[in-house]
Amino acid sequence: MEKPSYLKNSDDVKLFNELRKKVNQRVEAIPENRDIYIQVKAVILPLIYISLYFFAVLNAEKPWMYILSFIAMGIFLVLIYLNLIHEAAHNNIYKSRRLNFLVLHIFDFVGANSYIWKKRHIASHHAYPNVDGWDTDIEQSGLLLIIPWIKAKGVQKYQDKFFFLVYPLYLFNWMFIRDFRDFFDKERVILKTQGKIPAIEKIKMIGYKLFYFFYQIVIPVMFFKVSVGLALGAWFLQVISASIFALFVLLPLHPLPDNAFPRLDRSNGLPFSWLRHQFEVTNDLKENNWLVRNVLGNFNFHVAHHLFPNYSYMYYNEITEEIEKFAREHGLAYKRFPLITALAKHRDLLRQNANNAYYILEE
C-alpha cells in the first residue's frame, strides 16, 4: 500500500527552514552540554528500579513493604521510559548509536519490546501522527473510539462512562496483547511501515517476556517464599500504577478534540504540509517547572519534540520559546493547555465520539 504523502507547499518549507535556523542558533548559544544529565539518569534510574526489586524480595516477610516497592517500580518504569527509552530511540542520549541501542534495550527487561516499539514510534507515530490506519498510537482497540470521523459501534457508545476502567489496563494490553499482535497479526498497522519482521526478533520478544515474568513472579515465589497471591497482587498493582501514571503524561498531547485527525484522500494524500500537520495534531502543556523538566522528560513540550526530534528534551524549554513566538508571527496553530484541562478535553473527545457528534455536525 502506498504510504501517505503530505501536502507540498514551498512556502511552508521556507517557514520550517527559517524556524529551524532560529532553533539551531538558540541551542548553539547554550554553553553547556545538557545531555550529560540524561547520561547520568541512564545509570541512576535503572539502578533504582533494580534496587527497589531487591528491597522488595529481601523484605518479603513484610507484605506492605513488598507491595509499596513494586508500586514504586511501576513509577520508575514510566520514568525510565520518559527519560531514557524515548530519547534512546531518537539517539539523543549518547553520540554513539551503539550506546543508545543498549539503553533502548532496557525496555525489554521491564516488560515491553524495544524492537517493535521503536518501529511504532519512529516509522509510524512520528511519520504520521493522528493519521488513522498509519499512527499505531491511535490504532483502534474495539473498546474505545479515538478517531472522531469513525462511527461508534457497540460498547463504544458508552465509552465515556467506562474508559476509567479500561485505561488502568493500558500496560497489560501493551505487554501481553499489543506486542504479540504487532509481531504476529498481519492486519496490524505496524506492518504497513515495517514490512516483514525477522524471525530472530520474534524469538527475542518471547524470550524477554518469559524472563520478565520469571523475575517478577517466579523468583520471589520460589526463592524468597513470597506467596503466589502476594507476588501476583504486587505485580498487578505495579502495572496498574505505571499505566495510570503513563497515561496522565501521554494522553493530553495528541487525542484531544482541539487536535486534528486528518483524513487521507483517494490518493493517500494528507490535507496539510508536514509543518502544519505537526501543529494541527499536537499540543503542549502549560506546566513548566523543575519536576516536569527534570523528572518527566519535558513531555509538556511535545510540539518541540515532533518538530525537532534530533534534540534531547533538555533543550525543549528554549526551543519551545522559539516555536511559540514563531507560531504567533506566522499564524501557525500552536496550542497549549493546563494538564487538567487537557485531560478533561480528552474525556470530551471520548464523549463526542460515543455520541457520534461528528456525524451530527456533518448532517
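Student: In this structure, what is going on with the layout of surface pockets? I would like to understand it.
Tutor: Rolled over the atoms, a probe sized like a water molecule indicates the empty space that remains. What the largest pocket holds in volume is close to 1,000 Å³. Taken together, 36 residues line the largest pocket, and the ones lying closest to its centre are D137, E139, Y170, R178 and L247. When residues in the lining of the largest pocket are grouped by element, the largest group, six residues, is from helix α8 (residues 170–184).

Student: Is there a simple way to explain the environment of Y115 in this structure?
Tutor: Topologically, Y115 is positioned in helix α6 (residues 114–126). The class for Y115 is buried, based on a relative accessible area of 17%.

Student: Looking at this structure, I do not really get the pattern of salt bridges. What am I missing?
Tutor: Scanning all chains against the criterion turns up 18 salt bridges. A salt bridge links R120 to D179; the nearest nitrogen and oxygen atoms lie 2.6 Å apart. Placement of R120 in helix α6 and of D179 in helix α8 is noted, with a sequence separation of 59 residues between them. Overall, R120 belongs to the buried group, its relative accessible area being 1%. Judged by its relative accessible area of 0%, D179 is buried. With its nearest N and O atoms 2.6 Å apart, the salt bridge here joins D182 to R120. Taken together, the residues D182 in helix α8 and R120 in helix α6 connect sequence positions 62 residues apart. A single burial state applies to D182 and to R120, both of which are buried. Here the salt bridges do not stand alone but share partners, grouping R120, E139, D179, D182, R188 and K209 into one network.

Student: Even after reading the chapter, I still don't get the packing of α8 against helix α10 (residues 199–223), so can you show me in this structure?
Tutor: A packed helix pair is summarised by two numbers, namely the angle formed by the two axes and the spacing between the axes. At their nearest, the axes of α8 and α10 sit 11 Å apart, and the two run at 170° to each other. Judged by the inter-axis angle, α8 sits roughly antiparallel to α10. Residues W174, M175, F176, D179, F180, F183 and F184 of α8 touch α10, and the partners they reach there are E201, K202, M205, I206, K209 and Y212. Among the residues forming the contact of α8 with α10, the class breakdown is nine nonpolar, no polar and four charged.

Student: Is there a simple way to explain the packing of aromatic side chains in this structure?
Tutor: Note on aromatic pairs: each is described by the distance of the centres and the angle between the planes. Going through the model one piece at a time under the given rule, you end up with 26 aromatic pairs. Between Y53 and Y215, the aromatic rings sit 5.5 Å apart at their centres with planes inclined by 85°, giving edge-to-face as the arrangement. With a gap of 162 residues between them, Y53 in helix α2 (residues 35–58) and Y215 in helix α10 connect regions that are remote in the sequence. Accessibility assignment for this pair places Y53 and Y215 in one class, buried. Each ring, one from F109 and one from Y208, has its centre 5.2 Å from the other, and the planes form 75°; the classification is edge-to-face. One end of the pair, F109, is in helix α5 (residues 106–109); the other, Y208, is in helix α10, with 99 residues separating them in the sequence. An aromatic cluster of three or more residues is present, and its members are Y53, F54, Y66, F70, F109, Y208, F211, Y212 and Y215. The lysine or arginine in question, R178, covers the ring of W174, its NZ or CZ lying 5.6 Å from the ring centre. Here the guanidinium or amino end of K192 rests over the ring plane of W134, the centre of that ring lying 5.0 Å away.

Student: Where do I start with the environment of F326 in this structure?
Tutor: Structurally, the position occupied by F326 is in helix α15 (residues 316–330). Apart from residues lying up to four places away in sequence, F326 is in contact with L15, E18, L19, K22 and L332.

Student: I keep staring at a positive patch on the surface and nothing clicks. Help me out?
Tutor: Where like charges cluster on the molecular surface, the positive patch consists of K21, K22, K325 and R328. Going through the elements one at a time, α1 (10–28) and α15 are the ones with two or more residues in the positive patch.

Student: Explain helix α12 (residues 274–281) here, please?
Tutor: Because each turn of an α-helix spans 3.6 residues, side chains separated by three or four positions in sequence point in the same direction. Those residues of α12 not exposed but buried are L275, H277, Q278, F279 and V281. Residues of α12 that are buried sit in contact with α1, α14 (302–307) and α15.

Student: How should I be thinking about empty space enclosed by the protein in this particular structure?
Tutor: In this structure the tally under the stated criterion is two cavities of 30 Å³ or more. By volume, the largest cavity is sized at about 100 Å³. Taken together, L77, V78, Y81, F107, V110, A112, Y170, L171, W174, M175 and A246 form the lining of the largest cavity. Of all the secondary structure elements, the ones that give two or more residues to the lining of the largest cavity are α3 (63–89) and α8.

Student: What is the right way to look at the side chain of Q159 in this model?
Tutor: Residue position: Q159 is located in helix α7 (residues 159–166). Within the structure, Q159 has its side chain in polar contact with the backbone oxygen of L350 (distance 2.9 Å). Look past the residues within four positions of Q159 in its chain and what remains in contact with it is L143, L144, L145, L350, N353 and A354.

The rules behind these values
- Residues numbered from 1 in each chain as written.
- Predicted model: local features only at pLDDT ≥ 70, side-chain atom pairs only at ≥ 80, totals over all residues.
- Heavy atoms only, no water.
- 1 Å grid on protein atoms, 1.4 Å probe; cavity = no way out; pocket = protein on both sides within 12 Å on 5 of 7 lines; lining within 4 Å.
- Points joined across faces, edges and corners; volume = space filled by probe spheres on them.
- Helix = DSSP H or I, 4+ residues; strand = E, 2+ residues; numbered from the N terminus.
- Buried < 20%, exposed > 50% of the residue type's maximum accessible area, 1.4 Å probe, protein only.
- Salt bridge = Lys/Arg side-chain N within 4 Å of Asp/Glu carboxyl O.
- Axes fitted to C-alpha atoms, helices over the stretch in contact; angles between N-to-C directions.
- Parallel < 35°, antiparallel > 145°, perpendicular 65-115°, else oblique.
- Contact = heavy atoms within 4.5 Å.
- Nonpolar A, V, L, I, M, F, W, Y, C, P; charged D, E, K, R; others polar.
- Phe/Tyr/Trp six-rings, centres within 6.5 Å; stacked < 30°, edge-to-face > 60°.
- Lys NZ or Arg CZ within 6 Å of the ring centre and 35° of its normal.
- Patch = residues over 30% accessible without salt bridge, like charges linked within 9 Å, V, L, I, M, F, W, Y side chains within 5 Å.
- Areas by Shrake-Rupley, 256 points an atom, 1.4 Å probe, with all protein chains shown as cover.
- Lys, Arg positive; Asp, Glu negative; His and termini not counted.
- Charge placed at Lys NZ, Arg CZ, Asp CG, Glu CD.
- Polar contact = N/O pair within 3.5 Å; in protein donor to acceptor, adjacent residues only side chain to side chain.

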